[in-house]
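Structural description and commentary
Below, each chain spelled out in residue letters.
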Amino acid sequence: MTTMETLSCAHNLSPGHSAAATSKMSVIGSTKWLDAQAEHQAALRTIPSCLTLCDLKNDNYHKLVAAEIPANLVSKSHLKVYKGTTLISEQGLPGIPVAVESLYTEEHEPKVPIIAVAVGPSVLFYRNMKPYFKYTLPGLEVESVEHDVWRKLPTERPENVRSLIASLRSVELSRLTVTSQRLIGMPDEEVQGYINDHRDSPLQRLPTITAMTTLRRTSSDIKAVSCLVIASESGEIFILDSQAFTVLHRARCCSSHGTPCMISVSGHFDIDFRIVVSTREGGVSILRKSWLEGRQIIRLDHPTTGLAILPIDQTIVVVCMNNSLMCYSKKGKRLWSVTLPAHSICMVPVLLSHLGMTLVCVALFGGLVQLYLGKHLVDQFTAPDTVSAMTFGRLGQEDHVLVLVTVDGSLIIKILKRTAEFSPRLIGNEVTGKLSNQSAEDSANAGNLRIPKKTKVFVEQTIRERENASAIYQSFQSELWRLRLTAARATVDVINLAESTLSGDGAFAPIKMSAEVLGLGPVFRLKLRLENMASRRREASNLCVLLHAENRHYTLDRPFARLPPLAPGVPLTIDFKVTVIIDPTDGLPPPDLTPDNSVIRVMIFKCGQAKPLIAATISMPSPELQAFEVY
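Presented here is an overview of the structure given in this document. Small disclaimer: the values here were computed from a predicted structure and weren't measured. (Residues numbered from 1 in each chain as written. Predicted model: local features only at pLDDT ≥ 70, side-chain atom pairs only at ≥ 80, totals over all residues. Heavy atoms only, no water.)

Counting secondary structure elements, the protein chain contains ten helices and 36 strands. For the protein chain, the residues scored as buried account for 46% of the 631 residues in total. Within the protein chain, contacts between residues at least 6 apart in sequence are counted, and of these 52% link residues at least 24 apart. A total accessible area of about 32600 Å² is found for the protein chain, and carbon and sulfur atoms account for 52% of it. (Helix = DSSP H or I, 4+ residues; strand = E, 2+ residues; numbered from the N terminus. Buried < 20%, exposed > 50% of the residue type's maximum accessible area, 1.4 Å probe, protein only. Contact = heavy atoms within 4.5 Å. Areas by Shrake-Rupley, 256 points an atom, 1.4 Å probe, with all protein chains shown as cover.)

Here you go:
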């Protein structure tokens, strides 16, 4: 849906419907939220994607940044900043905004966020609420028919101009440039003047931005560097580098034609990420790292009013216009569905990290706001009017604040109580876990063992494990098999390469080897100590040692030596002379001799066998420069 279509969902319902819904719905309050502030004269008209909370001045005081949607085509859009409910800054925008995001672009201090506002085909960046940069999406290919028509129009006779303009109608309207779209709908008396004004202007077809969000680069820190994820009307997804303002990745949302209207992301760009896109045609697609085209995993029968991918279990929550709240897996399988009591207007995820859960907050027509934990209703309250936009996050110095904007322009701020708890089993009971604690106390008194009381944290953890038993078990099994696979691969590599200081051949006496490098250079003395680790009298005989080094870096006086028999408990020490090759002109070692390749490989063989019993890599120290001069 476009920006105006989204607002129409809240405004264009009939008055009779509004009165009926309000009369049936009683005023509901919640004891989990504090009514902090409310400004009913704010006259703020916006949508959920045009709200963001950020620390604008790096003073640890978060403010609300909102892009106002004009009520008509005559009015002008504004970018507003609120401290609480007080308007402290306002500036005009060149068009109708689609989305507003706050992001950080630098690692060093002080970290000041940049405000990104999507308007038409461009993203406007503001730093300290002053214009900073403007980025425009790459242009699309112009149709050849349109090129031919504009080439002929300036020189064509007036009686043939209308037929040329009619030939433009053979092209889909969305594939024409804005110049041609205006020409098609223009009256005859204005056509010639319009053609003369644009005869020398190049045809340029720019994609319109329909949705925008942010994606963290490498870290999950609240002030980590982020990228912009932009969805366009043509169905393309752009991941924009916010430092160099270049496109890092470009892909299509799905194989079929789809116009993105909502977007949600999870993960990190440099590691792995998922982008979930909802289209106006009713499809929900997923796009992963390095994919050039998304895959449609869900097909909906009704348009969506809310979309979110939850960070904990990676499930996709969708709110549709048929009064339904649905949850899907990342493969598109429906997990559950809830019927809402009224039409849904918007939705926002409520991340409660201190409770280890993510709620889904849904605003319904008539003013009812409901919070769901999975498919369970855990809290609800009534706003003075239908909520048209909302966001959740840190505002001021509070960590958990819900900001509501109603259709009449009121700005309402609610703060979550620090003692608030959400349980699907005990809705409205502020003392969660009372029954469990009482039963634990009775069991302790009845038995001989003094069983400690169950804490609230233990009860919450038990409830979470019981409700997510399948997901927790699958995650545990996946990690366990991954650990076993890693250990097995490491074991096979050690066996194949014999990269160890202790021989593991069961048919031969176990031998242990240690190495020591003496000297400052360029001449070193490499001492090897071999020991038979057999517990009984098993002699190790017919052994030989082989040293291998890069002949451009080192010279070995004897790279091969036969060893005498090794008796248990009697160590054998053998040394080798290793010389670093020095350039006689400057007295320096080779320039390609680095700490990474300054190694000597030592292998212990049994005569007649190709596979070594022991193989070890010894890192050689860098020769001292003073030693070169003496040498």
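Now that the structure has been shown, the text picks up again.
Another point: helix H3 (residues 144-152). Listing the buried residues of H3 in full gives Glu 146, Val 149 and Trp 150. Buried residues of H3, seen end-on, are gathered within an arc of 90° and therefore sit on one face of the element. Turned more than 90 degrees away from the buried face of H3, the exposed residues are Ser 144 and Arg 151. Those residues of H3 hidden inside the fold are in contact with helix H4 (158-167), helix H5 (178-184) and helix H6 (188-198). (Arc of directions from axis to C-beta.)

Here we come to the packing of H4 against H6. Across the interface, H4 lies against H6 with an axial gap of 11 Å and an inter-helix angle of 85°. Between H4 and H6, the interaxial angle falls into the category roughly perpendicular. Residues Val 161, Arg 162 and Ile 165 of H4 form the contact with H6, whose participating residues are Asp 188, Val 191, Gln 192 and Ile 195. Broken down by class, the residue content of the contact of H4 with H6 amounts to four nonpolar, one polar and two charged. (Axes fitted to C-alpha atoms, helices over the stretch in contact; angles between N-to-C directions. Parallel < 35°, antiparallel > 145°, perpendicular 65-115°, else oblique. Nonpolar A, V, L, I, M, F, W, Y, C, P; charged D, E, K, R; others polar.)

So, about the sheet that holds strand E28 (residues 411-416). Spatial strand order, E1-E28-E27-E26: four strands in an open sheet with antiparallel pairing. For this open sheet the edge positions go to strand E1 (33-39) and strand E26 (387-395), each flanked by a neighbour on one side alone. Between one strand and the next, the sheet's axes are offset by a mean angle of 20°, whatever the strand orientation. Across five bridges, strand E27 (residues 398-406) lies against E28 in antiparallel orientation. Paired with Val 403 across the bridge in E28 is Ile 413. (Pairing = 2+ DSSP bridges.)

What follows deals with the packing of aromatic side chains. Applying the stated rule across the entire model yields six aromatic pairs. Seen in terms of ring centroids, Phe 125 and Phe 245 are 4.9 Å apart; in terms of plane orientation they differ by 65°. Their pairing is edge-to-face. Highlighted residues: Phe 125 in strand E8 (residues 122-127) and Phe 245 in the loop between strand E12 (236-240) and strand E13 (247-252), separated in sequence by 120 residues. In this structure, Phe 125 and Phe 245 share a single accessibility class: buried. (Phe/Tyr/Trp six-rings, centres within 6.5 Å; stacked < 30°, edge-to-face > 60°.)

Within H6, burial applies to Val 191, Tyr 194 and Ile 195. Buried residues along H6 cover an arc of 100° about the axis, so they all sit on one side. For H6, the exposed residues lying more than 90 degrees away from the buried face are Glu 189 and Asp 197. Where H6 is buried, its residues touch H3, H4 and H5.

The next thing to look at is the nonpolar core. Ranked by internal contacts, the top residues of the largest apolar core, which has 31 residues, are Leu 528, Val 545, Leu 547, Val 578 and Val 602. Broken down by secondary-structure element, the contributors of at least two residues to this core are strand E29 (511-518), strand E30 (523-532), strand E31 (543-548), strand E32 (554-556), strand E33 (560-563), strand E34 (572-580), strand E35 (599-606) and strand E36 (614-619). If sequence neighbours within four positions are ignored, Val 602 has contacts with Met 513, Leu 526, Leu 528, Val 545, Leu 546, Leu 547, Ile 614, Ala 615, Ala 616 and Ile 618. (Core = buried A, V, L, I, M, F, W, Y, C linked by side-chain atoms within 4.5 Å.)

Moving on to the sheet that holds E33. On the basis of which strands lie adjacent, the open sheet formed by four strands has the order E33-E31-E35-E36 and antiparallel pairing. Pairing within the sheet leaves two strands with one partner each, and these edge strands are E33 and E36. Taking the axes of each pair of neighbouring strands and ignoring which way they run, one obtains an average angle of 20° across the sheet. In the sheet, E31 pairs with E33 via four bridges, with the strands oriented antiparallel.

Moving on, we get to the state of the cysteines. Scanning all chains against the criterion turns up zero disulfides. In this structure Cys 261 is not part of a disulfide, and its nearest cysteine sulfur, from Cys 253, lies 9.9 Å away. (Disulfide = S-S within 2.5 Å.)

This part is about the pairing of strand E7 (residues 114-119). Within E7, six of the six residues are buried, which leaves the element mostly enclosed by the surrounding structure. What you see with E7 is no split at all: Ile 114, Ala 116 and Ala 118 on one side and Ile 115, Val 117 and Val 119 on the other are buried throughout. When E7 meets E8, the two strands line up antiparallel, connected through six bridges. The residue bridging Ala 118 from the neighbouring strand is Val 123, located in E8. Between E7 and E8, which follow one another and run antiparallel, lie two residues, and Gly 120 among them has a positive phi close to 60°.

Structurally, the position occupied by Leu 183 is in helix H5. Beyond its immediate stretch of four places on either side in the chain, Leu 183 contacts Trp 150, Leu 153, Ile 165, Leu 168, Val 191, Tyr 194 and Ile 195.

The phi angle of most residues is negative, glycine excepted, and most peptide bonds adopt the trans form. With an omega dihedral of -5°, the bond running from Glu 109 to Pro 110 counts as a cis peptide bond. In this fold, Pro 110 is placed in the loop between strand E6 (97-103) and E7. With phi around 60°, Asn 323 is a residue other than glycine that occupies positive phi space. Along the polypeptide, Asn 323 turns up in the loop between strand E19 (316-320) and strand E20 (324-328).

With seven of nine residues buried, strand E22 (residues 344-352) is to be regarded as a mostly interior element. Relative to strand E23 (residues 357-364), E22 runs antiparallel, the two being bridged by eight bridges. In the strand pairing of E23, Leu 352 is matched with Met 357. Between E22 and E23, which pair antiparallel and follow one another directly, the connecting turn spans four residues, one of which, Gly 356, has a positive phi of 70°.

Function cannot be inferred from these measures alone, as they are strictly geometric.
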